[in-house]
Amino acid sequence: MAAALLGRVLVALPSARYFLRCSTTYSVEKWFSKQMSSDNPPKRPLTAYFRFVKDQQPIFRKQNPDVSILEITKKIAYAWKELPVSEKQTYEAAAKVDRQAYKEELAKYKAQLSPAQIVALKEERRQKRAKRKAMRKKRELTVLGKPKRPRTSFNIFMAEHFQEAKGISVQAKMKNLFEEWQDLSSSQKQISQNAKKVPM
């Protein structure tokens, strides 16, 4: 029921239509429970630099409407470097106050968790770290020039026969080719396998 209600509310909002169209993998129930749940951990506060960015971004956008966000960010970063220490201290003091409030909220949040929830949170953190590590490793391998996997004989067969395949749509052609592949004898499949090994 909550998901249906949320769906009706989101459809009424013009910006939410984009959210609903683009988020097919993210269930509405999951979003609803995560956003409306009382057991959400407190959000980390902004650092002094990000407070400065948040304050300065609208000003820089008004001054330079035709400049890209990347250029605006570079200008803001340069402005932060050049900012006098006395002005930086105001942002740092506000960040320190927020960080202290965050620590208190986090302590309250952790105190009300059950042991099972603590274990689940640790496991979730471990999975996130592992995912980040895998992404970093994949990126490094790509930069170093890791070769792609060799094509399968089925893939070669599909590429060679796709144009003359029967069917109107791509799906129909692929289905027909798959059926043809299934009907091929192992010796004919072996020919495709040998063609794969021969460099072109």
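Right above here is the structure, for reference.
Figured I'd write up the structure that's included with this text. Because the structure is a prediction, the values reported are computed rather than measured.

1. A short note on the pattern of salt bridges
Throughout the structure, instances matching the rule amount to 4 salt bridges. Note that aspartate 98 is salt-bridged to arginine 51, the shortest N-O span being 1.9 Å. Taken together, the positions of aspartate 98 in helix H6 (residues 85-111) and arginine 51 in helix H4 (residues 48-63) put the pair 47 residues apart, joining distant regions of the chain. Here glutamate 71 and lysine 74 are joined by a salt bridge, their closest N and O atoms 3.8 Å apart. Of this pair, glutamate 71 and lysine 74 both sit in helix H5 (residues 69-82), 3 residues apart, roughly one helical turn.

2. Notes on the side chain of lysine 88
Along the chain, the position of lysine 88 falls in helix H6. It is glutamate 92 that comes nearest to the buried, bridge-free lysine 88 among opposite-charge side chains, at 6.2 Å. Polar side-chain contacts of lysine 88 include one of 3.3 Å to the backbone oxygen of tryptophan 80. Once residues lying within four places of it in the same chain are set aside, the contact partners of lysine 88 are Trp80, Lys81 and Leu83.

3. Structural notes on the environment of threonine 47
Counting through the fold element by element, threonine 47 comes out in the loop between helix H3 (28-36) and H4. Counting along the chain gives 49 residues from threonine 47 to lysine 96, while the straight-line C-alpha distance between them is 8.3 Å.

4. A closer look at the packing of aromatic side chains
Using the criterion set out here, one finds 8 aromatic pairs in the structure. Each ring, one from phenylalanine 154 and one from tryptophan 181, has its centre 5.5 Å from the other, and the planes form 65°; the classification is edge-to-face. One end of the pair, phenylalanine 154, is in helix H8 (residues 153-161); the other, tryptophan 181, is in helix H9 (residues 170-183), and 27 residues separate them in sequence. Ring pairing ties together the aromatic residues Tyr49, Phe50, Phe52, Trp80 and Tyr91, which thus form one cluster. Sitting over the face of the ring of tryptophan 80, lysine 88 holds its NZ or CZ atom 5.0 Å from the ring centroid.

Rules used in this analysis
- Residues numbered from 1 in each chain as written.
- Predicted model: local features only at pLDDT ≥ 70, side-chain atom pairs only at ≥ 80, totals over all residues.
- Heavy atoms only, no water.
- Salt bridge = Lys/Arg side-chain N within 4 Å of Asp/Glu carboxyl O.
- Helix = DSSP H or I, 4+ residues; strand = E, 2+ residues; numbered from the N terminus.
- Buried < 20%, exposed > 50% of the residue type's maximum accessible area, 1.4 Å probe, protein only.
- Lys, Arg positive; Asp, Glu negative; His and termini not counted.
- Polar contact = N/O pair within 3.5 Å; in protein donor to acceptor, adjacent residues only side chain to side chain.
- Contact = heavy atoms within 4.5 Å.
- Phe/Tyr/Trp six-rings, centres within 6.5 Å; stacked < 30°, edge-to-face > 60°.
- Lys NZ or Arg CZ within 6 Å of the ring centre and 35° of its normal.

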